[in-house]
Amino acid sequence: MFVSRVRHGVQNYTRFKCIRDGSRSLSSLDSLDHEERLRDCLSSLPSSARVVICGGGVMGAAVAYHLARRGWGPHTVVIEKEKVGAGSRWHSSGLVGAFKPTLAQVRIAQSSIRLLADLESQGRPTGWKQCGSLLLARTRDRMTVYRRMKSQSVSWGIDCELVSPKRCQDIWPMLNVDDVLGGLWIPGDGVGDTHLFCMSLMRAAVENGVGVMEDCSIKAVHSKDGKVSGVDTTSGSIECQYFVNCAGFWARQIGQLAKPQVKVPLLPCEHYYLHTKQIENLSPMMPVVRDPDGFIYLRERNGCILAGGFEPIAKPVYEEEILNAAQRCVAEDWDHFHILLQELLKRVPSLNQAVLHKLCNGLEAFSPDCKWIVGESPEMANYHVACGMKTVGISAAGGVAEATVDEIVDGYSKYDMYELDINRFLGLHNNKRFLRDRMKEVPGVHYGLPYPFYEFETGRNLRLSPIYQTLRDKGATFGQVMGYERPTWFEPVDTSTDSDKPRPFKIAHTKTFGKPHWFDTVQSEYWSCRESVGLADYSSFTKIDIQSQGTEVVDLLQYLCSNDVNVQIGSIIHTGMQNERGGYENDCSLARIAENHYMMIAPTIQQTRCKVWLQRHLPKNGSVTLSDVTSMYTAICILGPFTRSLLSELTDTDLSPSNFPFFTFKELDVGLANGIRAMNLTHTGELGYVLYIPNEFALHVYHRLLTVGEKFGIRHVGHYATRALRVEKFFAFWGQDLDTMTTPLECGRTWRVKFDKNIPFIGRDALLRQKEEGIRRQYVQLLLTDHDHEMDLWSWGGEPIYRDGDYCGQTTTTSYGYTFKKQVCLGFIQNLDKNGTEQRVTNDYVLSGHYEIDIAGIRYAAKVNLHSPNLPTKYPDKERDVYQATRKQHEHQYMGRHYQP
């Protein structure tokens, strides 16, 4: 019945279509065929501008609007290959929601909502209606997600309410709630009209001096001295200092027109929008309904129902075949849409009686990790990207544009954008075949259950260390980071079966919010690291050689690093690289290989980002060179109390503390191999070494370590075990604890900041001001004291922290502490007055409070630590125990003559 009505409605759609003219008004549905036009566009392209924006859609309009607000309007030109706001209004949902996966995305969405409301209040139409949204749950895990969201709403300033199935039906009477367990009601959410929003933004921008050139296509983006210098178009050339790629669907192709090419990893997928004809008594303020367990959403639009969804297996499309906006609406595929159609009919049975007006198959572009793509490109300075909004551009445009303009005008944004930064990608992510494989999975992630440590199943087995196959056959279960396959834990291997048959590739998963199934396995690996010997693959770490002929490399690193890098040859220094505001651009270890040669070890996810940061500060005369040697070395870490004994049997070098002390480097012969860069540290606080092995020797060294290590109880260990060691030792993680907004003073690392160096480092003045004024938040470790790890839900990061009953911060990184036998949470706490204003945080303030952590609505008491704890061990060691990741600012301890933290 329903499908026949749909087909009948689509076939007869043209009979209902009307053309707007001076004497005829539009029907409520056919208004979607009407597109407004922008007046006062440029008739010719100016010879120069400060900023050129590519794309006259909502994102380009928002960037132009914010530039105009900052006074840059007369110096900005927007280039649109068709018409501003072009593109069918039929394939735009207009959904605007504040809840996003992370705080930065939430703040961006909230900025967009404020902009929608502000423009509407000024009489500039945006279609904004604060009708609220209702999220439905069919499973217990989904309700857990909503309880966690309700808990986090305190941190994020979002008004929301957990509701029963009966309340869900009261909010949306047409719903079938037979299989619904509950929901989350968010009254501040709403809907808007992307086309109207775009036109209002662009009109306001034009009124403030922005020039708009329609029917003009980009042919090339040029650079000079590594920076944007100009743009070639079909209407001529224009010199500029900044270029902003807001081409949306075509952003990847526009990136390919740059010289050098800018990699923008996007690929479109089919995305469906179902429009009914008008339904009687449908309130215009009917809330948006999202049913993620059924992959669907519904909203009211002009008296009709608009429905869509994010199917689990999507259909990617090659964008080269789509030449203009009209072609983005492709033929519908009813077989593919059937899974969403079934769920729609199940959720709203009365849709069986509706007459369907149109099914629109509109293509939408997604990034390979289902996140927005924002920031300055690594290939070309002053080339900014703002795209990949995954169908919700209206709820992202205002905030993303604000952040982009702040970076252009001020050099930084008030939002911490590292997780959205285009520098999170490598070249492999822009491979068309990789994208086509990955995109089958990406749209479904949008409504998938956000279990901890999510792993994609597509685009795998790309970057493999030489020991990968052996590790796989030894039971490794893998996670992927920057394309690398990294063991997460090792399952027991059945040795009774045919050993010649390769073990299948296994992907890690944690499909629970409580105690994970890998708990016992990781616990065994953890204790191997603390009581015998563990072997871990660290090959994914970023490895960069930095060299010069003279002392230029030392001067450069002294300028970039807040610690003193002018240390003895063979020493290792742990340092931050700060920005002008004192925040972390990088957190790394530097081994001084020679007088003018350093090896930098940085987090895996920093491979592109830290390399770009270094490149953009290199001397112009070429006196300092850097080489990314990440793929040249296999990194094997052996950790545990017997590692010195083990390695001593494989090398002739004296490994005694007097000859090879903690936090130093030596080049060793190991087994029959030579040229192994050995570092006496493990990045976990445990004794051990990281061996950076030339790839051709990797298997040889690995097998020798296993053979000799057998008598010491050597065992393979994965990332989850080393991660647990780090959290328990209070080690900060880049991207979770450390970011561009966090300073060393806030996370107990003041002792690593050398203010009195001969060369003032970037961020020194900001840190000196903070040192004088005091910090406004403090990094702490919290141990849950009344939490049952067997029965209770776990903390996975992002939970609110309460001090004496009042909200004071949130967790960042968490893990179970196998020595503490408690859940361990790292996070930041603030001193907020009754108005929510941050006050100075002191040690006395931190230590004088009673703390609780809210996990999905239940608060658990917690003990606070300001400094790294000394964990009890069967095998105490002075070198290891004296090292602490955080400590009191003026605490001086003797750590050996070579120790350089």
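Only a predicted model underlies this, so the values are computations on that prediction, with no experimental measurement involved.

Asks: Please provide a residue-by-residue account of the overall build of the chain, values included.
Replies: Helices and strands together make up the secondary structure of the chain, namely 22 helices and 40 strands. Whereas a compact globule of 901 residues would reach a radius of gyration of roughly 29 Å, the chain reaches 29 Å, a difference of no more than 12%. Taken along the three principal axes of its C-alpha coordinates, the chain extends 95 × 65 × 65 Å. Relative to its full complement of 901 residues, the chain shows a buried share of 62%. Expressed as a percentage of contacts within the chain between residues at least 6 apart in sequence, the contacts between residues at least 24 apart total 73%. Surface summary for the chain: the accessible area is close to 34,100 Å², and the carbon and sulfur share equals 48%. Here the chain contributes 101 positively and 103 negatively charged side chains, and the mean placements of these two sets differ by 1 Å.

Asks: Quick one: what's the story with the confidence of the model for the chain, residue by residue and with numbers?
Replies: Of all residues in the chain, 93% have pLDDT values of 70 or greater, and the mean over the chain is 92. Every residue in residues 889–901 is under pLDDT 50, and counting partners more than four places away or in other chains gives 34 contacts.

Asks: Quick rundown of the environment of Val-780? Include the residues and the values.
Replies: As for its placement among the helices and strands, Val-780 is situated in strand 34 (residues 777–784). With relative accessibility at 0%, the residue Val-780 sits in the buried group. For the pair formed by Val-780 and Ser-571, sequence separation is 209 residues and the distance between their alpha carbons is 29 Å. If near-sequence neighbours (up to four positions away) are discounted, Val-780 is found in contact with Phe-730, Cys-825, Leu-826, Gly-827, Ile-829, Val-846, Val-864, Asn-865 and Leu-866.

Asks: Can you lay out the side chain of Lys-729 for me, pointing to particular residues and giving the numbers?
Replies: Assignment of secondary structure puts Lys-729 in the loop between helix 19 (719–728) and helix 20 (764–773). Look at Lys-729 and you get buried, because its relative accessible area is 9%. A polar side-chain atom of Lys-729 sits 3.4 Å from the main-chain carbonyl oxygen of Gly-685. Separated by 2.7 Å, the side chains of Lys-729 and Glu-686 make a polar contact.

Asks: Which residues make up the pattern of salt bridges, and what values do they have?
Replies: A full pass over the atoms with the stated rule returns 43 salt bridges. A salt bridge links Arg-70 to Asp-410, with the shortest nitrogen-to-oxygen separation between them at 2.8 Å. Taken as a pair, Arg-70 in the loop between helix 3 (58–69) and strand 2 (76–79) and Asp-410 in the loop between helix 10 (393–409) and helix 11 (432–438) lie far apart in primary sequence, 340 residues in all. For Arg-70, a relative accessible area of 35% translates into the label partly exposed.

Asks: Kindly report on the pairing of strand 25 (residues 572–578), identifying the contributing residues and their values.
Replies: Among the seven residues in strand 25, seven count as buried, and that is most of the element. Note: strand 25 against strand 26 (residues 584–594), seven bridges, orientation antiparallel. Along strand 26, the bridge assignment pairs Gln-578 with Tyr-584. Here strand 25 folds back onto strand 26, and the loop between the two strands holds five residues, one of which, Gly-582, carries a positive phi near 90 degrees.

Asks: Report on the side chain of Ser-540, specifying residues and quantitative values.
Replies: Residue placement: Ser-540 occurs in the loop between strand 23 (533–537) and strand 24 (542–548). For Ser-540, the side chain forms a polar contact with the side chain of Thr-604, separated by 2.9 Å. Those residues in contact with Ser-540 that lie beyond four places of it in its chain are Val-481, Tyr-484, Arg-486, Thr-604 and Thr-630.

Asks: Run through the sheet that holds strand 9 (residues 218–224), naming residues and quoting values.
Replies: Read from one edge of the open sheet, three strands run 9-10-11, paired in antiparallel fashion. Each of the sheet's edge strands pairs with one partner strand only, and the pair in question is strand 9 and strand 11 (236–239). Each strand axis lies, on average, 20 degrees off the axis of its neighbour in the sheet, ignoring direction. Bridge count for strand 9 against strand 10 (residues 227–233) is six bridges, and the pairing is antiparallel. From the neighbouring strand, Ala-220 faces strand 10, where its bridge partner is Asp-232.

Definitions and cut-offs
- What you see as residue numbers is a count from 1 along each chain, following the sequence as written.
- In keeping with the predicted nature of the model, local features appear solely for residues at pLDDT of at least 70, side-chain atom pairs appear and are counted solely at 80 or more, and the whole-chain, interface and lining totals rest on all residues.
- Each side-chain value is derived from all of the structure's non-hydrogen atoms; neither hydrogens nor water enter the calculation.
- Put simply, DSSP H or I for four residues or longer makes a helix, DSSP E for two residues or longer makes a strand, and each gets a number counted from the N terminus.
- As defined in this context, the radius of gyration uses C-alpha atoms, and a globule is described by 2.2 Å times the residue total to the power 0.38.
- The buried label applies to any residue whose accessible area, calculated with a 1.4 Å probe on protein chains only, is under 20% of its type's maximum; exposed applies above 50%, and partly exposed to all values in between.
- The contact definition used throughout considers only heavy atoms, calling two residues in contact when any of these lie within 4.5 Å.
- Only the protein chains shown count as cover for residues, and all accessible areas are computed by the Shrake-Rupley method using a 1.4 Å probe.
- We count Lys and Arg on the positive side and Asp and Glu on the negative side, and we leave His and both chain ends out.
- To locate a charge, the coordinates of NZ of Lys, CZ of Arg, CG of Asp or CD of Glu are taken.
- As a per-residue quantity, pLDDT reports the predictor's confidence and falls between 0 and 100.
- Pairs of N or O atoms within 3.5 Å make up the polar contacts considered here, provided that, within protein, one atom can donate a hydrogen while the other can accept it, and that residues adjacent in sequence are counted only when both atoms are side-chain atoms.
- Salt bridges are counted wherever a side-chain nitrogen of Lys or Arg sits within 4 Å of a carboxyl oxygen of Asp or Glu.
- Each pair of strands is called paired provided DSSP finds at least two bridges between the two strands.
- A fitted line through C-alpha atoms represents every axis, and for helices the fit uses only the stretch in contact; the resulting angles, taken between N-to-C directions, go from 0 to 180 degrees.

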